[in-house]
Amino acid sequence: MHDDRSLVESRLKRVLEERVIPAIYPESVPLRIGIWVAPGEPVPVAEGLAAPRTPIEAGAQWGAPWGTSWLTVSGTVPTAWAGKTVEALIDLGFDKNMPGFQCEGLVYRPDGTPVKGLNPRNQWVRIAAPAVGGEEVLLHVEAASNPVVLDYHPFLPTPLGEKETSGDEPQYRLQRIDLAVFDEDVWNLVQDLEVLGELMLELPEDSGRRYEILRAIERSLDAIDLQDVNGTAAAARSQLLGVLSVPATASAHRLSAVGHAHIDSAWLWPLRETVRKVARTTANMTALLDDEPDFVYTMSQAAQYEFVKVHRPEVYDRVKKAVAAGRFVPTGGMWVESDTNMPGSEAMARQFVHGKRFFLDEFGIENDEVWLPDTFGFAGGLPQIIKAAGSKWLLTQKISWSQINKFPHHTFLWEGIDGTRIFTHFPPIDTYNCSMHGREIAHAARNFKDKGVARHSMAPTGWGDGGGGTTREMIAKAARMRDLEGSAKVVWEKPADFFAKAEAEYANPPVWVGELYLELHRATLTSQAKTKQGNRRSEHLLHEAELWAATAAVRTGHAYPYEALDRIWKTVLLHQFHDILPGSSIAWVHREAEATYAVVAAELDTIIDAAQRALAGDPASGDVIVFNAAPHTRGGVAPGAGSRASVGSAGCSLSTRDDGGFVLDNGLIRVTVDQRGLVTSVYDIAAGRESLAPRQPGNLLQLHPDFPNMWDAWDVDKFYRNTVTDLTDADEVTITLDTDEAVAVRVDRSFGSSKAVQTLTLTAGAKRLDIETEVDWHETEKFLKLAFPLDIHTERYASETQFGHLYRPTHTNTSWEHAKFEACNHRFLHFDEPGWGVALVNDSTYGHDVTRTVREDHGTTTTVRASLLRAPRFPDPETDQGTHRFRHALVPGAGVGDAVREGCAINLPERRMPGDTEVAPLVGMDNDAVIVSAVKLADDKSGDVVVRVYEARGGRAETRLTAGFPHAGVAICDLLERRAADSEGPELVADGAIRLKLRPFELVTLRFTRRSTGA
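Residues numbered from 1 in each chain as written. Predicted model: local features only at pLDDT ≥ 70, side-chain atom pairs only at ≥ 80, totals over all residues. Heavy atoms only, no water.

Some thoughts on the overall build of the protein chain
- Scanning the protein chain from terminus to terminus reveals 19 helices and 53 strands.
- The C-alpha radius of gyration of the protein chain comes to 31 Å, within 12% of the 31 Å expected for a compact globule of 1015 residues.
- For the protein chain, the C-alpha atoms occupy an extent of roughly 100 × 70 × 60 Å along the three principal directions.
- Residue pairs at least 24 apart in sequence account for 75% of intrachain contacts in the protein chain once pairs closer than 6 positions are excluded.
- A total of about 36400 Å² of accessible surface is found on the protein chain, and carbon and sulfur atoms cover 50% of it. (Helix = DSSP H or I, 4+ residues; strand = E, 2+ residues; numbered from the N terminus. Rg over C-alpha atoms; globule rule 2.2 N^0.38 Å. Contact = heavy atoms within 4.5 Å. Areas by Shrake-Rupley, 256 points an atom, 1.4 Å probe, with all protein chains shown as cover.)

Regarding the packing of aromatic side chains
- The full count for this structure, using the stated rule, is 42 aromatic pairs.
- Centroid distance Trp 548 to Phe 627: 5.0 Å. Interplanar angle 80°. Geometry classified as edge-to-face. With a gap of 79 residues between them, Trp 548 in helix H15 (residues 529-556) and Phe 627 in strand S23 (residues 624-628) connect regions that are remote in the sequence. Grouping residues by exposure puts Trp 548 and Phe 627 together as buried.
- Above the face of the Trp 124 ring, Arg 472 is positioned so that its terminal group lies 3.7 Å from the ring centre.
- The residue whose ring lies beneath Arg 796 is Tyr 807, and the NZ or CZ to ring-centre distance is 3.6 Å. (Phe/Tyr/Trp six-rings, centres within 6.5 Å; stacked < 30°, edge-to-face > 60°. Buried < 20%, exposed > 50% of the residue type's maximum accessible area, 1.4 Å probe, protein only. Lys NZ or Arg CZ within 6 Å of the ring centre and 35° of its normal.)

Overview of the packing of helix H1 (residues 5-20) against helix H3 (residues 184-202)
- The geometry of H1 relative to H3 is characterised by a closest axis approach of 11 Å and an angle of 155° between their N-to-C directions. Taken together, the axes of H1 and H3 lie roughly antiparallel to each other. The way H1 lies across H3 gives a crossing that is left-handed. Contact residues: H1 offers Glu 9, Leu 12, Leu 16 and Val 20, while H3 offers Val 186, Leu 189, Val 190, Leu 193, Glu 194, Gly 197, Met 200 and Leu 201. (Axes fitted to C-alpha atoms, helices over the stretch in contact; angles between N-to-C directions. Parallel < 35°, antiparallel > 145°, perpendicular 65-115°, else oblique. Left-handed = near helix turned anticlockwise from the far one by under 90°.)

Describing the pattern of salt bridges
- Taken as a whole and judged by the stated rule, the model has 81 salt bridges.
- The partner of Glu 104 in a salt bridge is Lys 277, and the shortest N-O contact between them spans 2.5 Å. Here Glu 104, found in strand S7 (residues 104-108), pairs with Lys 277, found in helix H7 (residues 271-291); they are 173 residues apart in sequence, far enough to count as distant.
- Overall, the relative accessible area of 1% leaves Lys 277 in the buried class.
- In this structure, Asp 674 and Arg 676 form a salt bridge, with 2.8 Å as the shortest nitrogen-oxygen distance. (Salt bridge = Lys/Arg side-chain N within 4 Å of Asp/Glu carboxyl O.)

A look at the sheet that holds strand S2 (residues 32-38)
- Strand order in the open sheet formed by 6 strands is S3-S2-S5-S10-S7-S8, with antiparallel pairing between adjacent strands. The two strands at the open ends of the sheet, each matched to only one other strand, are strand S3 (54-56) and strand S8 (114-118). Pairwise comparison of adjacent strand axes, ignoring direction, gives a mean angle of 30° for this sheet. (Pairing = 2+ DSSP bridges.)

Quick look at the environment of Asp 91
- Its location among the elements puts Asp 91 in the loop between strand S6 (86-90) and S7.
- Judged by relative accessible area, Asp 91 falls into the buried class, the value being 13%.
- When the C-alpha atoms of Asp 91 and Ile 177 are compared, they prove to be 6.1 Å apart, with 86 residues separating the residues in sequence.
- With near-sequence residues (within four places) excluded, Asp 91 lies in contact with Gln 123, Leu 174, Gln 175, Arg 176 and Ile 177.
- Looking at Asp 91, its side chain comes within polar contact range of the main-chain nitrogen of Phe 94, at 2.8 Å. (Polar contact = N/O pair within 3.5 Å; in protein donor to acceptor, adjacent residues only side chain to side chain.)

Comments concerning the packing of H7 against helix H9 (residues 313-324)
- Two elements in contact, H7 and H9, have axes whose closest approach is 10 Å; the angle formed by their N-to-C orientations is 45°. In terms of orientation, H7 lies oblique with respect to H9. Two packed elements cross with a definite hand, and for H7 against H9 that hand is left-handed. For the pair H7 and H9, contact is made by Ala 279, Thr 282, Ala 283, Thr 286, Ala 287 and Leu 289 and by Val 315, Arg 318, Val 319 and Ala 322, respectively.
- For the contact of H7 with H9, the per-class residue count stands at 7 nonpolar, 2 polar and 1 charged. (Nonpolar A, V, L, I, M, F, W, Y, C, P; charged D, E, K, R; others polar.)

Let's talk about the side chain of Ser 691
- Looking at the element boundaries, Ser 691 is found in the loop between strand S29 (689-690) and strand S30 (700-705).
- Of the polar contacts made by the side chain of Ser 691, one reaches the backbone oxygen of Val 682; its length is 2.8 Å.
- Beyond its immediate chain neighbours, meaning those up to four positions away, Ser 691 contacts Val 682, Pro 789, Leu 790, Asp 791, Trp 836, Val 838 and Pro 892.

What about the sheet that holds strand S49 (residues 957-963)?
- Taking strand neighbours across the sheet as the criterion, the 4 strands line up as S46-S49-S52-S51 in an open arrangement whose pairing is antiparallel. Two strands in the sheet have a free side with no partner beyond their single neighbour: strand S46 (923-925) and strand S51 (987-988).
- Strand direction decides the pairing type here: S49 and strand S52 (residues 994-998), joined by 5 bridges, are antiparallel. Residue pairing in the sheet places Glu 958 in a bridge with Lys 997 of S52.

Digging into helix H16 (residues 562-574)
- Helix length check: H16 (13 residues) gives 18 Å between terminal C-alpha atoms against 18 Å at 1.5 Å per residue, within 8%.
- For H16, the full list of buried residues reads Tyr 562, Ala 564, Leu 565, Ile 568, Trp 569, Lys 570, Val 572, Leu 573 and Leu 574.
- Summarising the contacts, the buried residues of H16 are in contact with H7, helix H8 (302-311), helix H10 (345-363), H15, helix H17 (587-616) and strand S47 (930-937). (Expected span 1.5 Å × (residues − 1).)

Here it is as structure tokens:
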């Protein structure tokens, strides 16, 4: 037989596109259209429905960027259509290739009841089935003219990301606004032909099954009268029944599909638009659930449920009913799908506390699975947090985006820094926006790396990013692939059901130890510095607010601000979403974030001030109480305590060098600053050890060009290192402070269109060099680093992460190590040789790089560079322009415990309050290796005291923990403050104290039942 495959394949493509698909709606009449443009921001639904309309016609332009237009479409069902299925087709000017990235709409009935969302892949609204001739049709559409920020030529700088710069020219043109007959036979023929045609192309060219499908398609096409598609569709379908009914082989891959619409809580749209995106999508999906009995839909992000609850309660009622029926499935158990690299320990824990509690309170549901398909890599501390929250499974997709190394597993155990293991799945379909295309299904089966020992994988199915969700076409395709030879078996399934089956079939999955590093989007650790600083500051202010408010409540009966702290935590957690905190959203998002963080800081400062005022005693006494929120004693003040201010240490000196530089000395370290403002020596006096490499200055600002191949705000490509400018020229180097208590030198520099001012300070009694850097930044597509070449030989270094630290290599022996050329740290980095080390601590930066070289003297230089600023132009063309302040400290002679201590101290500065009352800590411990992460009152308002601690040095630790208040007992709890089912409780010792024995990096949450709850 002659091979005519390509002939039939081409015929199928043309007949489908030009004849069959257009015949789905064989008859139509135009609808009348009226429009009202809302001034400014979106208006309440009642106002939009009642506003006067101006007539407009299909083909008219509408929609200024970020505007809202209310459309009314009306008409009459023709008498001849009685008994037929009738739908309204509303095309707002959609581009079918941009679902979620352009205009969208939500359809309402005249009484304000939401019907469904409109988007490029979902333009229909069911009117009647069967229709009644003469029936009047009246619908309202809240149409959002969101601009196309990410266009066909991506990453071009655009002013569209900020309302004030986006202009007022119409962005869209109304297309088809019709009432039409829907021919279900033709629609089903389209699904049949697409499923078989797509499957055929994925089968081997010499496969008998491929030719069977080819001939069936050919017979079906022969049966279609191209001048009467509607009249011949049933006959054409009958030719396909045979090949559609052949069951899959017993060994076929099992694909668990779940409806999904990955909705970014902010990205190329502001938070306020996400509220409406969620409403549109949930309205769509609850309607689809009513029509499709096998369909299961899942949505994560408790914050998005709250959006609907608050802003669209009528849609939320439908969601709650679908959840109760088990069809609409809350998943993930987090407040948002957050970044997991940068959030601090407590913030990462609270993502689960607030997310899981919302699902429990609203639906009585507790998730076992964590749902993070799009997060940009996963910190090594996360498995322990997942387990402590009561969850046990993790799903993600993003690691498939890695540039260099293909991850070796799709289903595996992920082991965190403390040894906790979490059953993890990466869907081999390699997308979280599956459309049920045959190419995707075949790829999942071929790509699955655990063949032979497992056969289940997952397919999150539906249009995402900007929402939209699953379509009826996807459901129809899945139905045809439920048991179809040549295809994976597709079944709709809840995530928990998938995980239970996958875990049961895979007795000994492989283990991956340590962080799940994404070899992409590394620049998200630096972009939008003020967003990152706002997050870091908010996290530590929340720590202080809870600590001092709890202390004041227990000690004085001061009212604990439960509601305020709950609300503020949710605000901070929302802004940790994986396109806000990483700095990859439009200008509007980051402008609002900066303003929000300022409000958060002011409110938390007020809470802290009120609590300390209640604790400090008489403000007219003339004394000052120093409050220490850090987890280590400093200045004689215990952790969590307040004590009268003591006289500061003395012993600093500053001398001028012959070359114009300076020497700063406090008896612990001696720092040499040359005439260029560069640090040429940081000498540990007691150890007799130099920190910096010979003839290589520290405190060196370095500037690189930064124009990645794509994903500007997200990516930094390694070739940026090929060109570097050392900023060694100083405008001025001057003494700014010279006392016995502290000495400081100021360095002014100019470069490009920017300026930098650095203050180098040495304080009496402190074994660290403090460096404050202020940059007035006006560069474009540049990357600013702060470098310290250390005279240390080490193959690895420690980087703080949640509830501990992890180690990364300083070398690049393998492609996996080579790929980690930019990585994340929290408050410290630590480098050491046996017996001596150096720490670099910070108050607001995350990105860094570490390189090593061997010098001519055979010594090793390990250079650490903190990433300060970038200047990408997409999606925010003004990224980071303006003034920024950073604080770092170099700590010579530091062990990892010193790194922990100084990292905490720089982020939790002392506070001073007039008063005369010594404040004892609520909890005390006798081992500095054990860190208090949180002290607070229990969320249930019982008055119980909750204390969270963890081992911070990576070793075994035993500590005696003393409660400074009467209590009736203590229990070990999970993160939600519930008694842990597998815990016998801590060992009790005398005077109400307890003894804790902790594994390396183990975290423990304790709940003390107070004898008297007080206020």
